[in-house]
Amino acid sequence: MVSKKQKDSIMETKMIGSKIAEARKKFNISQADLAGRLFISPQAVGKWERGESMPDIITLNRLAEILAVDLNYFSENFPPADDTAFKMTIDNMEQPVQEAANLSGPPERELLTNFSGSNLSNTDFAGVIAHKRKFNGSALRGANFAGADLTGSSFTGSDVGEANFDGTNLTDCALSAIDLTDASFNKTILVRTEFSKSGLTGVKFTDAKMIDVKLTMTDLRKTVFENCSFNGVDFKYSDLRGICFDGQTFTDVWFDKTALNEATFKGATLKNVSFRPAYALTNKYYRGLKTICFDDATMDKLTYAALKGIGVDLPKVTIL
C-alpha cells in the first residue's frame, strides 16, 4: 500500500516534470538542447518531464536560469506564468553580460557558477567570460579555454591534462591538487594565480607574464618555460631541479626553500631575486648550489651579493 508521503512525492515529481516541459516548450528549446546546456543526456530530461525522476536543487537552479523563470516557478503554489515571460529567444539569452545586466529581474544573478563534479572532457570554453566559476573535482582533460576570461575561478582536484589555456585570463584563479599534464599556457594572463600541490609534467608556458603568481609545493622538473617574465613570483617548497630559465626575466622573485640543483639561468636577467635554502647550509647544499648555472646572466648588486654569499659560482655574470 502506497503511503500518503509516497503519493505526495510522486505528485510533486510529476508536477515539476510538467512545469519543466511547459517552460521548455514556451522557450522553444528541444530536450536535446536543454540537456546540452546542462551537460546531461536527453534521456534524463525526458524522465523529468514524464515524472519518472526529478532534478536536484542545484540543477533546478540551472533550469530556472536557462529557461528564464523564477526558481519558485517549480513549486506547487506558483501562479501560472504569463506567456510574455517566455518570449525571450535563445539569441536574446546570448547577449553580452553588460546588456543583460540592464534587464529587470533579480540583480547580480550569475548563470552556471558551479561546474564541480562534472564530466567536461574536451569541452569548448574558448572565448567565454566566466568569472568566479568552480571547476572542482571535474574531468576537464583536453578542454579548450583559449581566450576565455576565468578571473577568480577555482580548479581543485580536477583532471585538466592537455587543456588549452592559450590567451586565457587566469587572474586570481586557484589551481590546487590538479593534474595539468601537457597543458598549454601560451600568452596566458597570470596575475595572482596560485598553483599548488599539482602535477605540471609537460606543461608549457610560452610568452607568459607572471605577476604575483605563487607556485607552492609543485613539481616543475619537467615543466617548460620559454620567453617568460616573472614579477613578484613566489616559488615555495617546489622542485625545480634541472629547470631551464635561460634568457628570461626575474624581478622581485622568491625561490623559497626550493630545490634548484642543475637549474640554468643562462643569459637571464635577475633583479632583487631571493634564494632561500631548502635546508641547512650543509656540504650537500653547497654542492647543489655549485650545479646552478648563471653564465652570461645580468643581475643587480644585491642579487649578486646574496648568491655569492651562499657559495654560488658567478664567473660570467654582468652586474647592473
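That block above? That's the structure.
Okay, so let's go over this structure. Fair warning: this is a prediction, and the values are worked out from it, not measured in the lab.

Next up on the list: the overall build of the protein chain. Helices and strands together make up the secondary structure of the protein chain, namely eight helices and 17 strands. Per-residue burial for the protein chain yields a buried fraction of 38% across its 320 residues. Partitioning the intrachain contacts of the protein chain with sequence separation of at least 6 by distance along the chain shows that 19% fall at a separation of at least 24. Looking at the protein chain as shown, the accessible area adds up to about 16,700 Å², and 51% of this sits on carbon and sulfur atoms.

Further remarks concern the sheet that holds strand β3 (residues 184-186). Strand order in the open sheet formed by three strands is β3-β6-β9, and the pairing between neighbours is parallel. Edge strands, defined here as strands with exactly one partner in the open sheet, are β3 and β9 (224-226). Here the strands of the sheet are splayed against their neighbours by 5° on average, with no regard to which way each runs. The sheet contact formed by β3 and strand β6 (residues 204-206) spans three bridges and is parallel.

Let us now look at the sheet that holds strand β10 (residues 229-231). Taken together, the seven strands give an open sheet; going across it, the order is β4-β7-β10-β12-β14-β16-β17, and neighbouring strands pair in parallel fashion. Looking at which strands have only one partner, the edges of the open sheet turn out to be β4 (189-191) and β17 (318-319). Of the pairings in the sheet, the one linking strand β12 (residues 249-251) to strand β14 (residues 269-271) comprises three bridges and is parallel in character. Paired with Thr251 across the strands is Lys271, a residue of β14.

The next point concerns the packing of aromatic side chains. Under the definition given, this model contains 31 aromatic pairs. Ring geometry for Phe230 versus Phe235: centroids 6.0 Å apart, planes at 50°, classification tilted. By relative accessible area, which is 0% here, Phe235 ends up buried. Ring centres of Phe265 and Phe294 lie 4.9 Å apart, and the angle between their planes is 10°; this geometry places the pair in the stacked category. With Phe265 in the loop between β13 (254-256) and β14 and Phe294 in the loop between α7 (283-289) and β16 (298-299), this pair connects stretches of sequence that are 29 residues apart.

Moving on: the pattern of salt bridges. Going through the model one piece at a time under the given rule, you end up with 13 salt bridges. Here Arg221 and Asp239 are joined by a salt bridge, their closest N and O atoms 3.4 Å apart. You can see Arg221 sitting in the loop between β8 (214-216) and β9 and its partner Asp239 sitting in the loop between β11 (234-236) and β12, a full 18 residues away along the chain. Linking Asp313 and Lys290 is a salt bridge whose minimum nitrogen-to-oxygen distance equals 3.7 Å. Note that Asp313 is positioned in the loop between α8 (301-309) and β17 and Lys290 in the loop between α7 and β16, a separation of 23 residues in sequence. Residue class for Asp313 comes out partly exposed when judged on its relative accessible area of 40%. A relative accessible area of 48% means that Lys290 is categorised as partly exposed. Salt bridges sharing common partners tie together Arg141, Asp159, Glu162 and Asp179.

Reading the values: the criteria
Residues numbered from 1 in each chain as written. Predicted model: local features only at pLDDT ≥ 70, side-chain atom pairs only at ≥ 80, totals over all residues. Heavy atoms only, no water. Helix = DSSP H or I, 4+ residues; strand = E, 2+ residues; numbered from the N terminus. Buried < 20%, exposed > 50% of the residue type's maximum accessible area, 1.4 Å probe, protein only. Contact = heavy atoms within 4.5 Å. Areas by Shrake-Rupley, 256 points an atom, 1.4 Å probe, with all protein chains shown as cover. Pairing = 2+ DSSP bridges. Axes fitted to C-alpha atoms, helices over the stretch in contact; angles between N-to-C directions. Phe/Tyr/Trp six-rings, centres within 6.5 Å; stacked < 30°, edge-to-face > 60°. Salt bridge = Lys/Arg side-chain N within 4 Å of Asp/Glu carboxyl O.

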